Amino acid sequence: MVAVIPWIAIPVTLLGIIFFVLWRYFLETSRDIRRLECTTRSPVFSLLASSLRGLWTIRAYKAEQKFQELFDLHQNLHSEAWFLLLTTSRWLALYLDVTCAIFVTVVAFGALILAETLTPGQVGLVLSLTLMLMGMLQWCVRQSTEVENMMISVERGTEYIDLEKEAPWQLAYRPPPSWPHSGKIYFDKIDFRYSLDGPLVLKDLGAYIPPGIKVGIVGRTGAGKSSLITALFRLSEPEGRIRIDEILTASVGLHDLRKKMSVVSQSCLTLCGTMGHSPPDLPVHHQHLEFLCPRDFPGKDAGVGLSLLFNMLSRLVITFLPRSKCLLISWLKSPSAYFVPCPVLTV
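Residues numbered from 1 in each chain as written. Predicted model: local features only at pLDDT ≥ 70, side-chain atom pairs only at ≥ 80, totals over all residues. Heavy atoms only, no water.

A tally of helices and strands in the protein chain yields seven helices and eight strands. Split into buried and exposed, the 347 residues of the protein chain put 34% on the buried side. Considering only intrachain contacts with a sequence separation of at least 6, the fraction spanning at least 24 residues in the protein chain is 70%. Within the structure as shown, the protein chain displays about 21,700 Å² of accessible surface, and the carbon and sulfur contribution to it stands at 65%. (Helix = DSSP H or I, 4+ residues; strand = E, 2+ residues; numbered from the N terminus. Buried < 20%, exposed > 50% of the residue type's maximum accessible area, 1.4 Å probe, protein only. Contact = heavy atoms within 4.5 Å. Areas by Shrake-Rupley, 256 points an atom, 1.4 Å probe, with all protein chains shown as cover.)

Below, the structure is given as C-alpha cells:
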C-alpha cells in the first residue's frame, strides 16, 4: 500500500499512535473493572453453593425469601460490574470503528485526488489493503485487551503465592518419639496476633497446666479463648515461649508438634471419600472405625451428609486413636473431658 501511494505512511503512522493511545486509556479502566467484576462474582457462587448444601435446612426454617433476597443483592452487584465491563468494551469498539472509518475515508479521497497518476487496479489494491489493515489492527487491539483482562485471574492467584509461609514442617531437631511424656504445658509471656499489623489478641499471658489437669477456658466473645488453641498449634506464630514437657514448641517442626496434640472442634466435619481414608496419618488404626461403619462407607460424597451424631462419634474416635497427651476441646458439652488421662483444655 505504501509502495503504491508513499504519502499513506503518514496517516498510517498517525493511526498507529491513535490506536496505542486508545489501548492504553482503555486498559487503565478495564483492569480495575475486571478486578471489581471478579470480586463481586465470588459471593454469588459461594452463596449458591452454600444454599444448595443447606437446602433442607433453609426449607425447614422457611428462610427461602431471605436467601433469595440475599442472592438477588449479590447478583445485582455482580450485574452492575458486568454491565460496566460490557459498556467499556463497546466504547473501545465504537472508537476503533470511528477511527478506522475516518482513515478509510482519507485514503479514498486521497486516491481520488491522485486519480490521474494511479490506475484503477492500483486504487482497488490500496482500498482493499486499507480495509484488511483496519481489520487486523482492530483484532490485535481487542485481543491484547482481552488477554490483559484475563490475566487479572492470574494476578489474583499470584496473591496467594506471595503470602507468608508457615514454619517448616520438620526441623533439624526432632523431639523424642515418646514426647510429650506427661503433657504439662507452660505459657510464658505470650503475645499473640493474627497478622503482623493486627491488634494483640493475647497479651502477656502466663499459665501453667499440670499433667492430667482438666482446665476450662471461659470468657466473652472475642476474649481470645480460641486464640489460645491457635497459638498452641502455631497457626500464627505467637510471641513468647510455650513449653510442652520442657520443650519449646517453636524449636520443633509443625508436623512434629501438631500430630502430638488432638482437638475436638465445634463443627464435626467428615472428609470426602470413604471412612477408611478420613483419619489422617492413622493407617494402623483404621480397623477401630469398623465398629461405627465399614471402611468403604462413604463420608460426604456428592453432597450426601451424615447425621450429626455419627459425625460426632467418628470425630471423637479419630481424636482419641493417637492417644495424645494434650487434648484441646472447642466444645463445652463434649463428654470426652471426663475420661481421658491427659491435660484437657476446654473452651
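Having seen the model, we can carry on.
On to helix α1 (residues 9-53), then. Here α1 contains 45 residues, and its C-alpha end-to-end distance of 63 Å stays within 8% of the 66 Å for a straight helix at 1.5 Å per residue. L27 marks where α1 bends most, by close to 25°. (Expected span 1.5 Å × (residues − 1). Bend = angle between axes of the 7 residues up to and from the residue.)

Along the chain, S51 turns up in helix α1. Apart from the residues within four sequence positions on either side, S51 is in contact with I58 and F67.

Turning our eyes to something else, we now look at the sheet that holds strand β2 (residues 202-209). Read from one edge to the other, the open sheet built from four strands follows the order β2-β1-β4-β5, with strand pairing classed as antiparallel. The sheet is open, and its two borders are formed by β2 and β5 (247-248), each paired with just one other strand. The pairing of strand β1 (residues 185-192) with strand β4 (residues 239-244) spans five bridges and is antiparallel. Directly across from F187, in β4, lies its bridge partner I242. (Pairing = 2+ DSSP bridges.)

Here, the residues flagged by UniProt with the feature "transmembrane region" (unreviewed entry) are residues 6-27, 92-115 and 121-141. Helix makes up 100% of residues 121-141 and strand 0%, with an end-to-end C-alpha separation of 30 Å. (UniProt positions renumbered as here; feature names shortened; annotations may be inferred.)

The next subject is helix α5 (residues 225-233). Burial analysis of α5 places eight of its nine residues in the buried class, which makes it a mostly covered element. Listed as buried for α5 are K225, S227, L228, I229, T230, A231, L232 and F233. Backbone geometry just downstream of α5 places R234 in the positive-phi region, at approximately 55°.

Core analysis: the biggest nonpolar cluster contains 19 residues, and I185, F187, L232, I242, I244, L257 and M261 have the highest contact counts within it. Taken together, the elements giving at least two residues each to this core come down to β1, β2, α5 and β4. Of all the elements, α5 adds the most residues to this core, at five residues. Counting residues in each nonpolar core, the second largest holds 13 residues, with F19, L22, F103 and V107 among its members. (Core = buried A, V, L, I, M, F, W, Y, C linked by side-chain atoms within 4.5 Å.)

This next bit is on unusual backbone geometry. Unlike most non-glycine residues, K62 shows phi in positive territory, near 55°. Even without a glycine there, the phi angle at D245 is positive, about 55°. Relative to the assigned elements, D245 resides in the loop between β4 and β5. Given the relative accessible area of 10%, D245 is considered buried.

A word on the environment of C38. The residue C38 is located in helix α1 in this model. Taking the relative accessible area as the measure of exposure, C38 reaches 6% and is therefore buried. The spacing of C38 and S153 is 115 residues in sequence and 7.9 Å in space, taken between C-alpha atoms.

Let's shift gears to the packing of helix α3 (residues 64-113) against helix α4 (residues 120-161). Closest axis-to-axis distance for the α3/α4 pair is 10 Å, and the angle between their directions is 165°. Judged by the angle between their axes, α3 and α4 are roughly antiparallel. Here the hand of the crossing between α3 and α4 comes out right-handed. Contact residues: L92, A93, L96, D97, C100, F103, V104, V107, A108 and A111 in α3; V123, V126, L127, T130, L131, M134, Q138, V141, R142 and T145 in α4. (Axes fitted to C-alpha atoms, helices over the stretch in contact; angles between N-to-C directions. Parallel < 35°, antiparallel > 145°, perpendicular 65-115°, else oblique. Left-handed = near helix turned anticlockwise from the far one by under 90°.)

Turning next to the pattern of salt bridges. Counting across every chain of the model gives nine salt bridges. Taking the shortest distance from any N to any O, the salt bridge between R31 and E148 comes out at 3.1 Å. Taken together, the positions of R31 in helix α1 and E148 in helix α4 put the pair 117 residues apart, joining distant regions of the chain. The exposure class of R31 is partly exposed, given its relative accessible area of 25%. You can call E148 partly exposed: its relative accessible area is 29%. (Salt bridge = Lys/Arg side-chain N within 4 Å of Asp/Glu carboxyl O.)

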